[in-house]
Amino acid sequence: MTAKATNESTWQQDVIDAEGPILVDFWAEWCGPCRMVGPILDEIQSENGDKITVLKLNVDENPNLAMKYQITSIPAMKVFNKGEVEKTIIGAKPKFALEQDLAAYIG
């Protein structure tokens, strides 16, 4: 299972009203590091889908959400729980480092 895309029209349902922790990957097509971290997040989703949901948000197609959550560099990942940001992860990292960052949710 791979990470699902979200956007401004589905944001409320996909993230704010969702049950459990939601990791949102703020990314763009032109971003090399984003393309490197994408498959890693897909793996984390497929291995831990019962604990955390991974969603992708294209910042070029959804500039209002990128601005609202103060995304100034990508890749940026934010963990939402009950509609609130609980954790922010900036930059591409190898899988083990991302898993360490997410240990509270997938541990």
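Numbers given to residues run from 1 along each chain, matching the order in which its sequence is written. At least 70 in pLDDT is required for a residue's local features to be given in this predicted model, at least 80 for side-chain atom pairs to be given and counted, and no such filter applies to totals for whole chains, interfaces and linings, which use all residues. Computation of side-chain values: all heavy atoms of the structure, hydrogens and water removed.

Draft legend 1. Just the UniProt feature "active site" (unreviewed entry) in the protein, in detail. UniProt positions are given in the numbering used here, feature names are shortened, and annotations may be inferred rather than shown by experiment. Per the UniProt record, the feature "active site" (unreviewed entry) sits at Cys31 and Cys34. Here cysteine 31 lies in the loop between strand 2 (22-27) and helix 2 (32-48). Cysteine 31 sits in the buried class, given a relative accessible area of 4%. Here cysteine 31 is in contact with Ile74 and Pro75, once residues within four sequence places are set aside. Whether two residues are in contact is decided by their heavy atoms: any pair within 4.5 Å suffices. In this structure, cysteine 34 is in contact with Trp27, Ala28, Ile74 and Pro75, ignoring residues within four places of it in sequence. A run of H or I in DSSP becomes a helix once it reaches four residues, and a run of E becomes a strand once it reaches two; helices and strands are each numbered from the N terminus. The classification of residues rests on relative accessible area computed with a 1.4 Å probe and restricted to protein chains. Under 20% of the type maximum is buried, over 50% is exposed, and intermediate values are partly exposed.

Draft legend 2. View of the environment of lysine 93. For lysine 93, the location among the structural elements is in the loop between strand 5 (84-90) and helix 4 (95-101). For the pair lysine 93 and valine 37, spaced 56 residues apart in sequence, the C-alpha separation works out to 6.9 Å. Every residue in contact with lysine 93, bar those within four places of it in the chain, is listed here: Val37, Ile40, Leu98 and Asp101. Counted as a polar contact is a pair of N or O atoms within 3.5 Å, where, for protein atoms, one must be capable of donating a hydrogen and the other of accepting one, and residues adjacent in sequence contribute only when both atoms are in side chains. A polar contact is formed between the side chain of lysine 93 and the side chain of aspartate 101, at a distance of 2.6 Å.

Draft legend 3. Inspection of the UniProt feature "site: Deprotonates C-terminal active site Cys" (unreviewed entry) in the protein at higher detail. Mapped onto the present numbering, the UniProt feature "site: Deprotonates C-terminal active site Cys" (unreviewed entry) falls at Asp25. Summarising the element assignment, aspartate 25 is placed in strand 2. Residues within four places of aspartate 25 in sequence aside, it is in contact with Val37, Leu41, Leu55, Lys56, Leu57, Pro75, Ala76 and Met77.

Draft legend 4. Molecular detail of the packing of aromatic side chains. A pair of Phe, Tyr and Trp rings is counted when the ring centres sit within 6.5 Å of each other, with Trp represented by its six-membered ring. The angle between the planes then sorts it: under 30 degrees is stacked, over 60 is edge-to-face, the rest tilted. Per the counting criterion, the structure on display carries 5 aromatic pairs. Both rings, one in tryptophan 11 and one in phenylalanine 80, keep their centres 5.4 Å apart while their planes meet at 85 degrees; by these two values the pair is edge-to-face. Highlighted residues: tryptophan 11 in helix 1 (residues 11-16) and phenylalanine 80 in strand 4 (residues 76-81), separated in sequence by 69 residues. Comparing tryptophan 11 with phenylalanine 80 shows no difference in burial state: the two are buried.

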